[in-house]
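# Commentary on secondary and tertiary structure
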Number of protein chains: 2
Amino acid sequence: MLFFSSSQYGILWLMDLLPLDHQGEAPLYRQLFDQIAGQIRSGRMARGERLPATRELAGLLGLNRATISAAYEMLETGGLIAGHVGRGSFVTGSAAAPATASRGFDWRPLLGRNGSPVTVAPLSGKDLISFVASRPSDALFPLDEFRAACRAVLERSDLAEILQLGSPAGYEPLRRHLLEESRRQGLAMPGDDLIVTNGCQQALDLIGRVLLAPGDRVAIEDPVYAGLKNVLAGMGAQLAGVPVGADGIDMAQLRRLLDREPPRFVVITSNFQNPTGATLPLASRLGLLEAAHAAGVPVVENDPYCDLRYLGEAVPAVKQLDQRGGTVLLRSFSKVSFPGLRVGWALGPKPLIDRMRQAKEACDLHTDQLSQAVLLEFVESGRLETHRGRVLAAGAERLAATLAACREFLPAGSAWTRPEGGMNLWVRLAPPLDAGDVLASAQSHGVAFLPGRYFEVSRRDAGALRLSFAGLTPEKIRKGLEILGRVIAEEWERASEDREPAAAMV
Amino acid sequence: MLFFSSSQYGILWLMDLLPLDHQGEAPLYRQLFDQIAGQIRSGRMARGERLPATRELAGLLGLNRATISAAYEMLETGGLIAGHVGRGSFVTGSAAAPATASRGFDWRPLLGRNGSPVTVAPLSGKDLISFVASRPSDALFPLDEFRAACRAVLERSDLAEILQLGSPAGYEPLRRHLLEESRRQGLAMPGDDLIVTNGCQQALDLIGRVLLAPGDRVAIEDPVYAGLKNVLAGMGAQLAGVPVGADGIDMAQLRRLLDREPPRFVVITSNFQNPTGATLPLASRLGLLEAAHAAGVPVVENDPYCDLRYLGEAVPAVKQLDQRGGTVLLRSFSKVSFPGLRVGWALGPKPLIDRMRQAKEACDLHTDQLSQAVLLEFVESGRLETHRGRVLAAGAERLAATLAACREFLPAGSAWTRPEGGMNLWVRLAPPLDAGDVLASAQSHGVAFLPGRYFEVSRRDAGALRLSFAGLTPEKIRKGLEILGRVIAEEWERASEDREPAAAMV
C-alpha cells in the first residue's frame, strides 16, 4: 500500500491505538475519535502527519468504513485534522494547539499603520433611485455589438498570442492604435509614448509610484473624485486641495500654491470634473501650463470623461496645448463603453512612460489581454463610435432632465452646476443644511446620493452633494429629484426649528 | 458663421493680415505662412486660439483652399499650430516658444529618485530556443474550449452586469466559487476571506501596500522570482534573502533571521519555487510556522505553481497547516491556463483581506470582469480540469526531457535541481564559469536562458542559471541543451586558459 511505503508520514502512532470496546456504551466512532485526538494532543501524532485513508484504516482495524469516516469528521470539526480532497487528511492540531488556538495571529498591529481610505457605505435596494455611482447605464450597453466584437476576436489567428503572457506596455495592436490616434488628434508630441493601464485609476497609481515619496505634496482639485484622493493618500502624499468652482479650478490659488510651495505634481480633471461637472476653460488651461512650467511642476491631466460632451464646443486638451512636454494625459474606455473591462491609457513623455511601464510590470505584469483585444475590435469596427452616438443622445437627455428637475424641485437657496457633459452635477444646499442629514432622510424615502464629504480634500462643504445622473432614465431622475426636493425642504424646516431655541439661549 | 459667433476664440489678428502679393516670387501659401507665423511669434495670436477652418479662411481672403491648407501644414510642421480632427486648428506656439521649445520640461530629476528595477533584455528571434520565460506553451492552449467558454458567457443573462463596474473583491460568482473550493480543500479557516487579484503579482503588491512602510525588512527566498524582488524593492523594502537549496529555504538561517531581526513578513514559494524548482518539505513548512508565529511575523505563501505537480505526493499548504491564522495564500489561474487573462486570488484572515480590498480599489478599482466570468465558466464546465490533465502530461514529459538532457549534455561539474513540478530548473555551472558569459555565447548559437543574477537578492551566484522548460517541446529542449552543453564546455576551456597566465604571474 502506498500508505506504508511513504516514509514522510509516520504511522507509528497506529500501534498505540488500543483495541476498541465493541460492547461498550460509547459508539465505536467516538472511541476511535477519543484515541486519535489523544494521540494528536499528546504530540505523538505530529502536525502535518497524514492519516490513512478511511478505507485503509478500516481494513487495518477491522472496522466499518463509516465508523472511520464519522471519527474523522469529529476530528475535523474539532480542528485537529483537515481533509484535502484527493490527498487525504492531515493533522492540523498539535500538543500546543488547544492553548494557542484562542490566541491566534493578531493582524491588528500590522494593519493599523497604513491609513484606511474613506469608503462609501453600500447603498442598494430594488426601488432605490440612486444618484450614487458615476457610471454609465447598463441598459444602454449594446450587448449584441459587444458579442459580435468578442466573436470576431475569438476567430482571430492570433488568439493564442492574446491568451499568452503579454507586455506591460499593453497589447501591441491596441497600443499602436491609441498612439496613432493620439498623433492624429494632435495630442502626441514627437517624444511621446503610450502605456495601456487598468483604467485611469491605475494610471494615477502608477504615476504616484513613479513620482512620489511619502510626505510629498500633490496639488489636486477640491472637491475631487474619492478614488484620486485615496490612491495618493495611500502613498503617504500630502494633499493640497485647490477649490473648484463652476468654472473649474481657482487659478489664483493654484498659482499661489505653485509659486510658494511647489507640489510634486498637479492633477487636473480638464473635462466634466468629478464631482462638480466643471470644465476647465481654455484660459485656465493656458494659465495652468504657464504656472506649472514656471514652477517646474508636471501636470497630470485626468480625462476619463472627454468623450462625453453633450453641449458646447470642445476645448483643446492641456496635453495638446503643452509644447514643453510637461503633461501626461490619462484617458479610458470605461466611461464611454463598459466599465467592467478595465482598459485605459496614459500618453506622455517617453522617460515617464518608461518608468510607468516598469512600475506596471511590478504591479500586475500587464493589463488583461482579452479585454484589450475586444475593445480594439469594438473601436476598429466602428461599433464604439455608433455606441457613443447613443450614449451622447441619452446623456444629453439625462443632463437636461436633471437640470430641469433641479429648477423645478429644489428649494430656493439651492444652487447647482451646469455641466456640458460627463456624469455628475454638484448641488449646494442652503445653509445650515447638512447633506449627510439629508441623505439619511432621503434614503428612507428611497433616494440616494453621495454627500460632499466623500469628495473633500481640505475644505469642509457640509451642504454639498453629488448627483450622478448618467445611470438613470429621465423619469427616474425627475421622480428622484421630486422626492429629494421634498426631503430637503423638510430638513430645512427642521434645521430652522433647531436653531430657534439656540438663538433664545444667546 | 459659427466661427464669428464664438467669443472665446478671437479673430482680431485677421484684420492685421496684409494683402498677399499675387505677382510676387514667393508662393501665396508661403506668404500666408510668414504672416500668420509672425502674428503668432509676436504674441498677437495667443496660444490656444483657434484658427478659422481652411474653407472659411479661403472665403474670407479670396484664396484657394489648397493655399490655406499648405500654409497651415507649414505652421503645423513648424510647431506653431496643431490640428485636431473635427475641431479645427489651434495655436500652440507662442511669443516665448522659439526660445523655450529647446528647454522642454525636464523629467529626469523627478524620475531619478525612485529606483529602477532590474529588467530583462528582450531575447527573441525565430529560431531561438528560449528557456527564458516561465510560462506555459501556447501550443497547448485549448482554443476551441476557450471559445466555447467565452460563447457561454456571451449568452448569459447577466452579461450586462459583467460589463458594468464591479466589486474590488472580485466578480462575486467567481469569488464565491473560489472561497467554497478553498473551504472544501481545507485551506480556508472560519475567519478567512478571499479577494480576486490580477494574478499573484498584484496580490504581492497589495500585501506590500497594506503592510509595508519604506525601510521595512521583508524576508524572501534567495534566489527568487525577479517580479517579487521588484515589487517589494519598489516600495522601499529592505530585502533579506534567505538561501534556497534543492530542499527549499534554509530553515536554520530563516529561524535566525526571524529570531534576531524579525522582518515585517516572510514570503515563501511553497511549491516548485521560481527559479529553483524546489518544493518546501513538510517539516520545513511546520518549522516555518512555528518560528514565524514565535516572532509574530505573518507568512505570505506565494503558490502560483501548485496545480503543476508532475511527480511525487502533494504536501499540505502552509496555509492549511497554520491554525493560527497568520498565513495568507496566493494562487492564480495564469500558470495552469492562460497567462494573458490576469486572474489570481488571495485567501487569508478577513482583517487583512479587507485592507487589501481597499488597496485594490485605490489601485485599479477591480479586476477585469470579462476574464473572471470566462475563467469561472472554464472551471465550472470542467474544461480547466481536462486541460490541466494535458498540461500535466506535457509538463511531466518536458521536465523528464530537461533532466535527461542535462545528464547527457551538461559537462562534468555542472549540478542542477530535480523539481517535481512547475516550470523551472536551476543549474549551477562549475567554477569559475559565469552564466552571463555563457549566455552571450549561447545566444550567438541560438539558445537563451536567464542567468542567476536576475534572481539574486543578497548572494552573488555567478555560475547559476534558470532553465524554464514548460514552453518548449522535448525535441527543442534536447536540442537546446545539446547546444548549451557545448557552449559551456567551450566557455570552461576559455576560462581555464584565461587562468593560466594569471597563475604564472603569481
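Residues numbered from 1 in each chain as written. Chains lettered and ligands numbered in written order. Predicted model: local features only at pLDDT ≥ 70, side-chain atom pairs only at ≥ 80, totals over all residues.

## A few points about the overall build of chain A
Put simply, the test is: Note on conventions: DSSP H or I runs of at least 4 residues are helices, E runs of at least 2 residues are strands, and numbering of each starts at the N terminus. Exposure in this text rests on C-beta crowding, where 20 or more other C-beta atoms within 10 Å of a residue's own make it buried, 12 or fewer make it exposed, and counts in between make it partly exposed. The C-beta atoms are placed from the backbone.
Along its length, chain A carries 20 helices and 16 strands. Going through the 506 residues of chain A one by one, you find that 52% of them count as buried.

## Looking at the pairing of strand β5 (residues 217-222) of chain B
Residue and element names in this part refer to chain B. Inclusion rule: Pairing between strands is defined by DSSP: at least two bridges between them are needed. With strands facing away from the observer, any crossover in which the path from the first strand over the helix to the second runs clockwise is taken as right-handed.
Counting buried residues in β5 gives five out of six residues, a clear majority hidden from the surface. Across six bridges, β5 lies against strand β6 (residues 238-245) in parallel orientation. Within β6, the position partnered with A219 by the bridge is A240. Tracing the backbone out of β5, into helix α11 (residues 226-233) and back to the parallel element β6 gives a crossover that is right-handed. Strand direction decides the pairing type here: β5 and strand β8 (residues 265-268), joined by two bridges, are parallel. Following the sheet pairing, V218 is matched in β8 by F265.

## Section: the interface of chain B and chain A
What counts is decided by this rule: A pair of residues counts as a contact when their C-beta atoms, built from backbone coordinates, are within 7 Å of each other. Charged means Asp, Glu, Lys or Arg here, nonpolar means Ala, Val, Leu, Ile, Met, Phe, Trp, Tyr, Cys or Pro, and polar covers whatever is left, Gly included.
Between chain B and chain A, the residue contacts involve 92 residues of the former and 92 residues of the latter. The element contributing the most residues to the side of chain B that touches chain A is helix α15 (residues 350-364) of chain B, with eight residues. Partitioned by chemical class, the residues of the side of chain B that touches chain A number 43 nonpolar, 32 polar and 17 charged.

## Describing the packing of helix α16 (residues 350-364) of chain A against helix α10 (residues 199-211) of chain B
Short version of the rule: Axis angles are defined between N-to-C directions and span 0 to 180 degrees, where every axis is a line fitted to C-alpha atoms and, for a helix, only to the segment in contact. An angle below 35 degrees is treated as roughly parallel, one above 145 as roughly antiparallel, one from 65 to 115 as roughly perpendicular, and anything else as oblique.
The interhelical angle for the contact between α16(A) and α10(B), taken along N-to-C directions, is 95°, at an axis separation of 5 Å. Looking at the two axes, α16(A) sits roughly perpendicular to α10(B). Across the interface between the two elements, A362(A), C363(A) and D364(A) from α16(A) touch G199(B), Q201(B), Q202(B) and D205(B) from α10(B). Per-class residue counts for the contact of α16(A) with α10(B) are two nonpolar, three polar and two charged.

## Some remarks on the packing of helix α13 (residues 251-260) of chain A against helix α14 (residues 282-295) of chain A
Any two packed helices are characterised by the angle at which their axes cross and by the distance between the axes. Residue and element names in this part refer to chain A. Orientation of α13 relative to α14, taken along the N-to-C sense of each, is 10°, at an axis distance of 9 Å. Comparing the axis directions of α13 and α14 gives the class roughly parallel. Contacts between α13 and α14 involve M251, L254, R255, L258 and D259 on the former and, on the latter, S284, G287, L288, A291, A292 and A295. Along the lines of polarity and charge, the residues of the contact of α13 with α14 split into seven nonpolar, two polar and two charged.

## Considering the relation of the copies chain B and chain A
Stated precisely, the cut-off is as follows: The fit set for superposing copies consists of C-alpha atoms from residues with pLDDT of at least 70 in both; the fit itself is least squares.
Laying chain B over chain A is done by rotating through 180° and shifting 0.0 Å along the axis; what remains is an RMSD of 0.1 Å. Those values place the two copies in the arrangement expected of a two-fold rotation axis. When each C-alpha of chain B is compared by its distance to the rotation axis, D368(B) comes out closest, at 3.4 Å. Most of the interface of chain B is mirrored in chain A, where 100% of its interface residues are also at the interface.

## Some points on the sheet that holds strand β13 (residues 424-428) of chain B
All names here are of chain B. The strand order across the open sheet formed by four strands is β12-β13-β16-β15, and the pairing between neighbours is antiparallel. Looking at the sheet topology across the chains shown, the edges are occupied by β12 (415-416) and β15 (450-451). Here β12 runs beside β13; their pairing, made up of two bridges, is antiparallel. Within the sheet, the bridge partner assigned to W416 lies in β13 and is V427.

## Structural notes on the nonpolar core
Heads up, the rule is: Here, a nonpolar core means buried Ala, Val, Leu, Ile, Met, Phe, Trp, Tyr and Cys residues linked by C-beta atoms lying within 7 Å of one another.
By size, the foremost hydrophobic cluster in this structure holds 253 residues, and its most contacted members are A346(A) and A346(B). Among the nonpolar cores identified, the runner-up in size contains 18 residues, and L20(A), M45(A), I68(A) and Y72(A) belong to it.

## Regarding the sheet that holds strand β9 (residues 299-302) of chain A
Residues and elements named next belong to chain A. Within the open sheet, the eight strands sit side by side as β4-β11-β10-β9-β8-β5-β6-β7. Their pairing is mixed. Across the chains shown, the open sheet's two edge strands, defined by having one partner strand only, are β4 (192-197) and β7 (248-249). Each of β5 (217-222), β6 (238-245), β8 (265-268) and β9 is contacted by helix α12 (residues 226-233), which is oriented at about 160° to β6, the strand it contacts most.

## Quick word on unusual backbone geometry
Note that the residue after D222(A), namely P223(A), is joined by a cis bond; omega there is 5°. Mapped onto the fold, P223(A) is located in the loop between β5 and α12. Geometrically, the link from P431(B) to P432(B) is a cis peptide bond, its omega value of 5° lying close to zero. With respect to the helices and strands, the residue P432(B) is situated in the loop between β13 and α18 (435-444). In this structure, F272(A) is a non-glycine residue whose phi angle is positive, near 50°. Relative to the helices and strands, F272(A) resides in the loop between β8 and α14.

## Topic: the confidence of the model for chain A
Residues and elements named next belong to chain A. Heads up, the condition is: Per residue, pLDDT captures the predictor's confidence, and it can take any value from 0 to 100.
Per-residue confidence for chain A gives a mean pLDDT of 88; residues scoring 70 or more make up 88%. Across residues 95-102 the pLDDT falls below 50, and counting only partners more than four positions away or on other chains, this stretch makes eight contacts in the model. Long-range and interchain partners of residues 502-506, a stretch whose pLDDT sits below 50, account for zero contacts in this model, where long-range means more than four residues apart. On the interface metric, ipTM, the complex scores 0.79, and its pTM is 0.80.

## A look at helix α8 (residues 143-154) of chain A
The criterion, for reference: By this rule the span expected of a helix is its residue count minus one, scaled by 1.5 Å. Within this analysis, the arc is defined by the directions that extend from the helix axis to the C-beta atoms.
Helix length check: α8(A), at twelve residues, gives a terminal C-alpha distance of 16 Å against a target of 16 Å (1.5 Å per residue), a fit within 8%. Three or more residues of α8(A) are buried, namely F146(A), A149(A), C150(A), V153(A) and L154(A). Projected down its long axis, α8(A) shows its buried positions confined to an angular sector of 140°, all on one face. Where α8(A) is buried, its residues contact α9 (159-163), α17 (369-380) and α18 (383-409) of chain A together with α7 (143-154) and α8 (159-163) of chain B.

## Looking at the environment of G186(B)
By the element assignment, G186(B) lies in the loop between α9 (172-184) and β4 (192-197). With 21 C-beta atoms counted inside 10 Å, the residue G186(B) sits in the buried group. In the structure, G186(B) is positioned 135 residues away from L321(B) in sequence and 9.5 Å away in space, judged by C-alpha atoms. Apart from the residues within four sequence positions on either side, G186(B) is in contact with A82(A), G83(A), H84(A) and Q320(B).

## So, helix α16 (residues 369-380) of chain B
Under the 1.5 Å per step criterion, the end-to-end length of α16(B) is 16 Å for twelve residues, consistent within 8% with the ideal 16 Å. Buried residues along α16(B) sit against α17 of chain A together with α7, α8, α9, β4 and α17 (383-409) of chain B. Positive backbone phi, approximately 85°, marks G382(B), located one or two places after α16(B).

## Overview of the environment of E155(B)
Along the polypeptide, E155(B) turns up in the loop between α7 and α8. Along the sequence, E155(B) and A252(B) sit 97 residues apart, while their C-alpha atoms lie 56 Å from each other.

## Looking at the environment of D368(A)
Of note, D368(A) is situated in the loop between α16 and α17. The exposure class of D368(A) is buried, given the 29 C-beta atoms found within 10 Å. Note: C-alpha distance between D368(A) and F265(A) (103 residues apart in sequence) is 29 Å. Look past the residues within four positions of D368(A) in its chain and what remains in contact with it is R342(A), L341(B), R342(B), D368(B) and S371(B).

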